[in-house]
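So the chains spell out like this:
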Amino acid sequence: MQTIQLSTPSMQGLITIGEGVIEERLGALLQGQKNFLVTDSNVAAIYADKIRIWFGDTPTFVMPAGEENKTFSTLGDILSAMVEAGIRRTGRVFALGGGVVGDIAGLAAATYMRGVSCVQIPTTLLSQIDSSVGGKTAVDHGGVKNVVGAFYQPQEVLIDPAFLDTLPQREVKCGLGEAVKYAALDSDIFDALYQNKHRFADLAFLKTLIYPCVAHKAKVVQADEKETGERKSLNVGHTTGHAIELVYRLSHGESVLWGMKAETQIAVDAGACEKSYGAQLQEIIASALSIAPTQKTAFDADNFAYKAKADKKNDESGRINLSVAARKGVWVGVDLTFDDYLSRLKECL
Ligand SMILES: NC(=O)c1ccc[n+]([C@@H]2O[C@H](COP(=O)([O-])OP(=O)(O)OC[C@H]3O[C@@H](n4cnc5c(N)ncnc54)[C@H](O)[C@@H]3O)[C@@H](O)[C@H]2O)c1
C-alpha cells in the first residue's frame, strides 16, 4: 500500500492506494457510528455482491448514473434519505463511484448538519487520479458546471486500482484527460506519458499513473487549498473543456482533452508555450483522443466559446484567463480578451 498524508488548514486527510485497501481500512471506518453510502446505478449493479459484503446494512442512496444527475435535485434526495436514515453528526458519508458520485456525496457531507465526515472510494480512472483528492465538491446548476459547491476535504480516500478492471474504454479515455493535465504540470508524468503514448489503453500502465498524479495534486492542494494561486494550475484545459462539455455533452475527460488541445495551441501561438514542447504535448493529447474515438472531431467556436465567460475562473470583465503549459513542468496564466480568445479558438479546433 502507498499512503499520502494531505494536511490543509481545514483537515488532515489520509490517502491510501493499493489493491485490497477497502478490505484493509473499511471495517475501522464503518465501526462505531451510523454511516451512509452514496453510489450510482452502474456501480451498484456491477459491485452488488461486494457492496453487500463491505457495507452490510448501511443505509444507501443509489443515484442514477451520469453528469446530468449531478444536480440540486439529486443532492436534495440524498439529504432527505440521510435525514430519513437518522444519520447523526458523528455519521460518515461514503462516496463509492466516479467523480459525479464523489462531487455530490462530498457536498452532501459538507452540508448535512453543517458537515459530517466523508470517505471517498473512487472507482474510475478520473476519480482515482484526480477528483477524489483535494476536497472540491459541487453540483452543476443553471447550465454552469460545478457552480454550487464547497471546499470540503475527505477524511480518507481509499483508492483500489482493481476497480479499473471493469471500466469501459470510453471511461478510461475520460481519465486520460486529467492524466494529460498532470503531464502539462509535472515533468515525470510528462515523461511517463510521452514514452508510453502507445499504451494508453493498457490498464497495467494506467494504474502506475495513480500515485504520481495523486501525489502531485496533494502537493498543490496542500500549498493552496482554496485556489488563490498554485491550484489554478489544475485548470489547464478546463476553461475551454468545460465550455465544450456543456454545449456538446461530451464527457468531462474527453472535453478536457479537446480543451488541452486548443489551449496548448493558443499558448504556443501567444508565445507563452515553447514550440517543441507544445508539439510533444500535442502528440500525447492526440494519442489520448484516439482511444475509444467519438464521432465528434470538429467544434464551432461561435457555438460554445461564450460558455467560457461564465466559467468560475473568470471575473465579470469578460476576459478569459487560461492556465496553460509553458515548458516542461512549468505553467503560466494567459489572459485574453473574449474576442481574441474566440478568434484563436477558431484557428485551432
Ligand atoms: N472534484 C474535483 O476536483 C473534480 C476534478 C475533476 C473532475 N470532477 C468531476 O468528475 C466528474 C466526472 O467523473 P467521472 O469521469 O468519474 O464520471 P462518472 O462519475 O460519471 O463515471 C463515469 C461512468 O463510469 C461508471 N463507473 C464508475 N465506476 C465504474 C467501474 N469501476 N466500472 C464500470 N463503470 C464504472 C459510472 O457509473 C458512470 O457511468 C465530473 O462531474 C467532473 O466535473 C471533479
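Refer to the structure printed above.
Worth saying up front: this structure is predicted, and the values here are computed from it rather than measured.

A. Representation of the pairing of strand β7 (residues 136–141) in the model. Two strands pair when backbone bridges link them, and β7 and strand β8 (residues 144–151) are joined in this way by five bridges, in the antiparallel orientation. Bridge pairing in β8 places Thr137 opposite Ala150. The hairpin turn running from β7 into β8, its antiparallel successor, is two residues long, and Gly142 in that turn takes a positive phi close to 60 degrees.

B. Representation of the pattern of salt bridges within the structure. A full pass over the atoms with the stated rule returns 21 salt bridges. Residues Lys70 and Asp103 are paired through a salt bridge, measuring 2.9 Å at the closest nitrogen-oxygen approach. Pair noted here: Lys70 is in the loop between β4 (60–63) and α4 (72–85) and Asp103 is in helix α5 (residues 99–111), with a separation of 33 residues, a long-range link. For Lys70, a relative accessible area of 2% puts it in the buried group. Asp340 is the salt-bridge partner of Arg344, the closest N and O atoms lying 3.0 Å from each other. With a gap of four residues between them, Arg344 and Asp340 both fall in helix α15 (residues 338–348), about one helical turn apart. Taking the relative accessible area as the measure of exposure, Asp340 reaches 26% and is therefore partly exposed. Taken together, the shared-partner salt bridges connect Glu67, Lys70, Asp103, Asp140, Lys145 and Glu245 into one network.

C. Geometry of the site of the ligand. Around the ligand, the surrounding shell holds 28 residues, and the nearest of these are Asp40, Glu67, Thr123, Thr124 and Lys145. Here a nitrogen atom of the ligand sits 2.7 Å away from a polar atom, N or O, in the side chain of Thr123. Starting from 870 Å² of accessible surface for the ligand in isolation, the protein chains cover 92%. For the shell around the ligand, the secondary structure elements donating two or more residues are α2 (41–46), α5, α6 (125–131), β8 and α7 (169–183). When grouped by side-chain class, the residues that make up the shell around the ligand number nine nonpolar, nine polar and ten charged.

About the cut-offs
- Residues numbered from 1 in each chain as written.
- Predicted model: local features only at pLDDT ≥ 70, side-chain atom pairs only at ≥ 80, totals over all residues.
- Heavy atoms only, no water.
- Pairing = 2+ DSSP bridges.
- Helix = DSSP H or I, 4+ residues; strand = E, 2+ residues; numbered from the N terminus.
- Salt bridge = Lys/Arg side-chain N within 4 Å of Asp/Glu carboxyl O.
- Buried < 20%, exposed > 50% of the residue type's maximum accessible area, 1.4 Å probe, protein only.
- Near = heavy atom within 4 Å.
- Polar contact = N/O pair within 3.5 Å; in protein donor to acceptor, adjacent residues only side chain to side chain.
- Areas by Shrake-Rupley, 256 points an atom, 1.4 Å probe, with all protein chains shown as cover.
- Nonpolar A, V, L, I, M, F, W, Y, C, P; charged D, E, K, R; others polar.

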